[in-house]
Amino acid sequence: MNRFKASKFRHTEARLPRREAWIGGIRAGSITSCGNHVKASCRWIAFNAEAAGVLGIVPLECKDGGKRTVSQLCCHSDVVTDFDFSPFDQLLLATGSADETVKVWRLPESGQDMPSNAGLTLGPGGGPVDVLQFHPTADGVLASGAGKRVTIWDVGQQQPLTALDSHEDHLQSLAWKRDGRLLGTSCKDKKLRIFDPRASPTASQSVPGHENNKDSRLLWMGSSDCLISVGFSQMREREVKLWDMRQFSRAMLTVALDTSPGAAIPLYDADTGLLVLAGKGENLLYCFEAPPAQPALTQVTQCRTEGSTRGLAAVPRLALDVMACEVLRVLQLTDTALVPVSYLVPRKSVQDFHEDLFPDCAGMLPATGAQAWWAGDSQQVGRVSLHPARRPTETFTSPVIACTRLQAANTGDTGPTDADWSEGSGYSSPSSLASPGSAATSLSASTGPSSGFASSPSQKSLQSILGPSSRFRHTQGRVLHRDTHLTNLRGLSLTTPGECDGFCANHQRVALPLLSAGGQIAILELSKPGRLPDTAVPTIQNGAAVADLSWDPFDPQRLAVAGEDTKIRLWQIPEGGLRETLQEPKAVLRGHTEKIYSIRFHPVASDILVSSSYDMTVRIWELSAGQQALCLWGHTDQIFSLSWSPDGKKLATVSKDGRLRLYEPRRSPQPQQEAPGPEGGRGARLVWVCGGDYLLVSGFDSRSERRILLYRAQALPDGPLSVLGLDVAPSTLLPFYDEDTGVVFLTGKGDTRVFLYEVTPEPPYFLECNSFTSNEPHKGFVFLPKTVCEVREVEFARALRLGQSTLEPVAFHVPRVKKEYFQDDIYPPTRVWWEPALGGSAWLAGKDGQQRRTSLRPADMTPVSEAPKEAPARKFVPASVYLEEKSDEQKKEELLNAMVARLGNRDDPLPQDSFEGVDEDEWD
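Residues numbered from 1 in each chain as written. Predicted model: local features only at pLDDT ≥ 70, side-chain atom pairs only at ≥ 80, totals over all residues. Heavy atoms only, no water.

Undergrad: Can you tell me about the overall build of the protein chain, naming the residues and giving the values?
TA: A count of helical and extended segments in the protein chain gives six helices and 67 strands. Out of the 924 residues belonging to the protein chain, those deemed buried represent 53%. The contacts in the protein chain between residues at least 6 apart in sequence include a share of 53% that link residues at least 24 apart. Approximately 41100 Å² of the protein chain is accessible, and the part contributed by carbon and sulfur atoms is 48%. (Helix = DSSP H or I, 4+ residues; strand = E, 2+ residues; numbered from the N terminus. Buried < 20%, exposed > 50% of the residue type's maximum accessible area, 1.4 Å probe, protein only. Contact = heavy atoms within 4.5 Å. Areas by Shrake-Rupley, 256 points an atom, 1.4 Å probe, with all protein chains shown as cover.)

Undergrad: Got a sec to walk through the sheet that holds strand β26 (residues 284-289)? Specific residues and values, please.
TA: Read from one edge to the other, the open sheet built from four strands follows the order β24-β25-β26-β27, with strand pairing classed as antiparallel. Lying at the two open borders of the sheet, with one neighbouring strand each, are β24 (264-269) and β27 (298-304). On average, each strand axis in the sheet is tilted by 20° relative to the strand beside it, whichever way the strands run. Bridging between β24 and strand β25 (residues 274-279) involves six bridges; their strand directions are antiparallel. For Tyr268, the partnering residue across the bridge sits in β25 and is Leu275. (Pairing = 2+ DSSP bridges. Axes fitted to C-alpha atoms, helices over the stretch in contact; angles between N-to-C directions.)

Undergrad: Give a description of the confidence of the model for the protein chain that names residues and reports values.
TA: Atomic detail in the predicted coordinates should be set aside for any region of low pLDDT. Looking at the protein chain as a whole, its pLDDT mean stands at 85, while 87% of the residues score no less than 70. The secondary structure element of the protein chain with the lowest average pLDDT is strand β34 (residues 442-444), at 32, and the one with the highest is strand β48 (residues 618-622), at 97. Within the model, the stretch residues 403-466 combines pLDDT values under 50 with 118 contacts to residues more than four positions away or in other chains. (pLDDT = per-residue confidence, 0-100.)

Undergrad: Requested: an account of the nonpolar core, with residues and values cited.
TA: Ranked by internal contacts, the top residues of the largest apolar core, which has 47 residues, are Ile45, Val327, Val330, Leu338 and Tyr343. Ranked by size, the runner-up nonpolar core spans 22 residues in total, among them Phe745, Leu756, Val810 and Leu856. (Core = buried A, V, L, I, M, F, W, Y, C linked by side-chain atoms within 4.5 Å.)

Undergrad: So what's going on with the pairing of strand β63 (residues 780-783)? Which residues, and what values?
TA: Residues in a regular strand project their side chains so that they alternate between the two faces of the sheet. Neither face of β63 is left uncovered, since the one carrying Gly780 and Val782 and the one carrying Phe781 and Phe783 both have all their residues buried. Both β63 and strand β64 (residues 795-802) contribute to a ladder of four bridges, which runs antiparallel. What sits directly across from Phe783, in β64, is Ala799.

Undergrad: Could you give an account of a nonpolar patch on the surface, naming the residues involved and the relevant values?
TA: Together, Leu895, Leu896 and Met899 give the surface a local cluster of nonpolar side chains, amounting to about 290 Å² of exposed area. Considering the arrangement of structural elements, one finds Met899 in helix α6 (residues 888-903). Met899 sits in the partly exposed class, given a relative accessible area of 45%. (Patch = residues over 30% accessible without salt bridge, like charges linked within 9 Å, V, L, I, M, F, W, Y side chains within 5 Å. Salt bridge = Lys/Arg side-chain N within 4 Å of Asp/Glu carboxyl O.)

Undergrad: Describe the environment of Pro669, and please don't skip the residues or the numbers.
TA: Mapped onto the secondary structure, Pro669 falls in the loop between β52 (659-663) and β53 (673-676). A relative accessible area of 37% means that Pro669 is categorised as partly exposed. Non-local contacts of Pro669, meaning those with residues more than four positions away in its chain, are made with Cys631, Leu632, Trp633 and Tyr663.

Undergrad: Residue-level account of the packing of aromatic side chains, with values.
TA: Under the criterion given, the structure shown has 20 aromatic pairs. Aromatic pair Tyr286 and Phe288: ring centres 6.1 Å apart, planes at 20°, arrangement stacked. Above the plane of the ring of Phe232 lies Lys214, whose end atom (NZ or CZ) is 4.2 Å from the centre. When the ring centre of Phe700 is taken as origin, the NZ or CZ atom of Arg682, which lies over that ring, is 4.5 Å away. (Phe/Tyr/Trp six-rings, centres within 6.5 Å; stacked < 30°, edge-to-face > 60°. Lys NZ or Arg CZ within 6 Å of the ring centre and 35° of its normal.)

Undergrad: Summarise the pattern of salt bridges; cite the residues concerned and give the values.
TA: Close approach of charged atoms lets side chains of opposite charge pair. Using the criterion set out here, one finds 56 salt bridges in the structure. Between Asp225 and Arg246 there is a salt bridge, with its nearest N and O atoms 3.8 Å apart. Highlighted residues: Asp225 in the loop between β20 (217-220) and β21 (226-232) and Arg246 in the loop between β22 (238-244) and β23 (253-258), separated in sequence by 21 residues. A relative accessible area of 59% means that Arg246 is categorised as exposed. Three or more residues are tied together by salt bridges with common partners; here these are Lys177, Asp179, Arg181, Asp225, Asp244 and Arg246.

Written out as C-alpha cells, the structure is:
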C-alpha cells in the first residue's frame, strides 16, 4: 500500500447480523483436520456435521424471506477431512475423507433431494486425505494431499496426472496460484514448498517457514509472486509471514498476532487485498489489508462474535451485495449456527455502484480443460463485472459428471452402499438409515440448536437421521448454595504435577496440598462448610513436596501421600478431623528410586496400593505388611496414568512413549498387551468403561488438539474403535466415569468447561450430553462417591470444584417430571464401594472377589417403573366445539362472564374492610 495514498478499505467495518439472520438448527462436528470445515459456492454452503462421514448442506441465499432447509449429504464411511466447491460449476463438490478416498458430487438444484451416491470416486490412496483444492483455471483438475504426497487428478478420466513427493512429513495445506501455473504447500517439517506440477514432481523452491510444527497454512496473493503463511513461532506465538518467491530465502515481513493456542484459519481476497484470520475455538476475527501489488500488512478492523469458531469460509464475490458496499462476506461456523459476517465500506451514496470497490472478478467459465492444461495451456479465466446490470447470467455445468448419470442414480436404488455405512459412520445400524426417497433427508432448520439438524415427523425418523441420542443429553450441572461452600482457602498449591488431580476427597473430608514448605496438606471436613478462619489451620506435615495423594476407599481416615522424595506415607486422620498438626505418618513405604508419579488404591481388595515412578516401574504394595508385593516392568518413558479394572484383576497404563499397556499383575510382571496410544507427548489419562470391557484414553494429537480414544480391552493392538476431538487447550483432560449411568465427565485444570458423554459399546460409542460451564477456571475438579447424591432431585453425580480460594459442590441432575418417584432407570443397584470384597493377602494369593450392590431408593419412594399408568389426556379439542354455531347473544354472554370472572365476585369484602381501626380518644 502506498504510504502517501490512503487505502479505500481503511474504514472497512465488520457487521454482525441479528440472530434472525443466522442459519441455526445445526450441530457442527468437532473434526480434527487441516480443512476449514465450511465452504461456500454461489448456491450452497457445506459444513462438517456432527456425525462422522456426513456434511450438512444449506442454501446460500434464502428465497422470499423463508427459512433455510438444512440437508445431510452422507459422503464417506469415515470422517470428512476436507472438501471444496468447483470455482466454475457451483453444484460440483469434492470431498476427502480419512477412508482414503476422494469423491465428487453434483448437488441438486434447490428443492430436490441430495444425491445418495457419488458421481465418481478417486482412490483409495496411501493414507487419509488431508486437504483438497480445485484448479483455479482448468475444469476437472483437482489437487489432493494425503500424508506426504500431493496428487494432481484429472477428475473426468479418474486418473492422476502426477504425484508430488518431496515432503518429509505430513502436509498441512496446499494452495494453487490464481493463474494455475504453480502450487504451494506447507508441511509439518516446518518447510514451505513451491511446485510447478507440469515441469517436475519435485519442489522448485523450498524454505523454512514457521519454527513450530503446529498447524500452518499457505495462501497465494492472487496471481502475484507473493504468498501469505500463517503458523506458530518457536515461542508458540501465532504469526503471519509475507513471502516473495523471487526472494524466497526469507520472509519479507513477519507479524506476531497473539499467544492463543488455536490454529488460525486464513481467508484472502485477491481483488480487495483483505485478509481475514480466525482461530479455531475462539471468537475473535482479525481483518488485515495486504495488497498483492505492494505487499504489506495493515490491520483494518477486528470483531468479536458470540460463538466460538469451528470453521470459516468466504462467500464468492459474485454472491456479494455490491449495492450495500459489501466487499467481503465470511461464514463463521459455530457449534449450533452459521453466522454470516459482512465487511462493508461506508459510502455516502448507497444507490450507486462503486467501481473502485468492485473491480472485475474472475468469471465462472473455465479457461481450459484438464488435458489441455496438462499439455501446457495456461489461458486465464475471463473477468466479469460485478455491476448488477452487467453481471453475467449464464451458468457452467462441468462434464466430469454427466447430469443423466446423476438422474439415473437417483431413480434407481438410493440406499447407501456397504462401504458408505460401515461401523465408522457413527450410526446405530445400517438398516435405520435407508429412507424411501433418498439417503439424505431434507429437514427444517427452524427447531433451534438443541435439536440437531432439524425436526422430523416422528422420533424414529429423527433417530435414523441423527443417530442415537443419550438419555442424559439434557443433564444440568449447577453449583450448590453458598452455605455448602468452603471459602477463604489460603496458600493452596496450584503447581502439583500433571499426573495428580490437584486434591482428593471422599464422602467425609477433602485433602488439599498447600504451598508451604515441607509438603503441608490441609484436611477439611465437608460436614463443616463455611468461611475458614484467617489463622492457620491444623495440617499434615508430609516432609516432602506432594506428588500425588489418595484416600483409602475402605478406610475414610487413611490418606496415602506420594512425595517427591520417592517415599509413600500413610496418614491416619482422627475421627472428626484434624485438631492438631500431624507430623508422624502411620507407615512409610520405600522402594522407588526416583520421584513418584501417581498412586491408586485397589477397588476391590483392602490394603493394596499401586504406584508409578520416574524409575519406569509400577509397584504394588501390601499395606498390612508395609512392603512391596509386586513390581511391573516394560515402560520406556514417563508413565502418565494408571488405572485398575473394576474387578481389580488388571491394570492399565499409558505413558509418554505413546503406548498403552495392559497388565495382569499376579500372572506376569510384563505387559500382557500393548497398543499405540495418543500421539502427543504432553499428557494422557485413562479409565475403564462399560463394565471393564473398554478403555477410554484422553490425550492430545500431533496438532495439540485434545481428544478421547476408545479401545476394546481384549483387543488393544487393533487400535482405537473411535476417536473424538474436543478442543485445543494446554491442560490434560481428567476423566471420571460413572459406572452406573455410563457417563464420562472430562475437564482439565484451568478449564471452565466440563464435557459430558455417554459411552456405549456400540457405534457411535460417544453420545454427547449438555456440558457444564463455570464462570472462572477451576484448579481442580474431583467427584464424590455416588452415595452423596440427592436422589430426590434426580442427581446422579456430585463433584467438588476448586477455585482460587473456594471449594464448591457441583451437582449434576437429569430433569424429570415425576420427581416424587424414584427414577430406577437412572439409579440401578450401585456397588457397595466402602466394603472390600476380600483382603489384600487373599488377592495376592490369587483369589478374586465381587462387591455386593445396594439400591439407593429411599424407603418412602416408589420406583417410577411401578408408578400407576395415567390415562392419556385429550390433546385436541373436538371439531364439534369449533363447528357449533353460536348466536350473538350467546357470544356476548360468554364474553361478559369471562370479564366478571377476571374481576372477581362483587360481593366479596374489600381488603380494607377487615383492617382494625383505632378509638377516637387515641387520636389526641
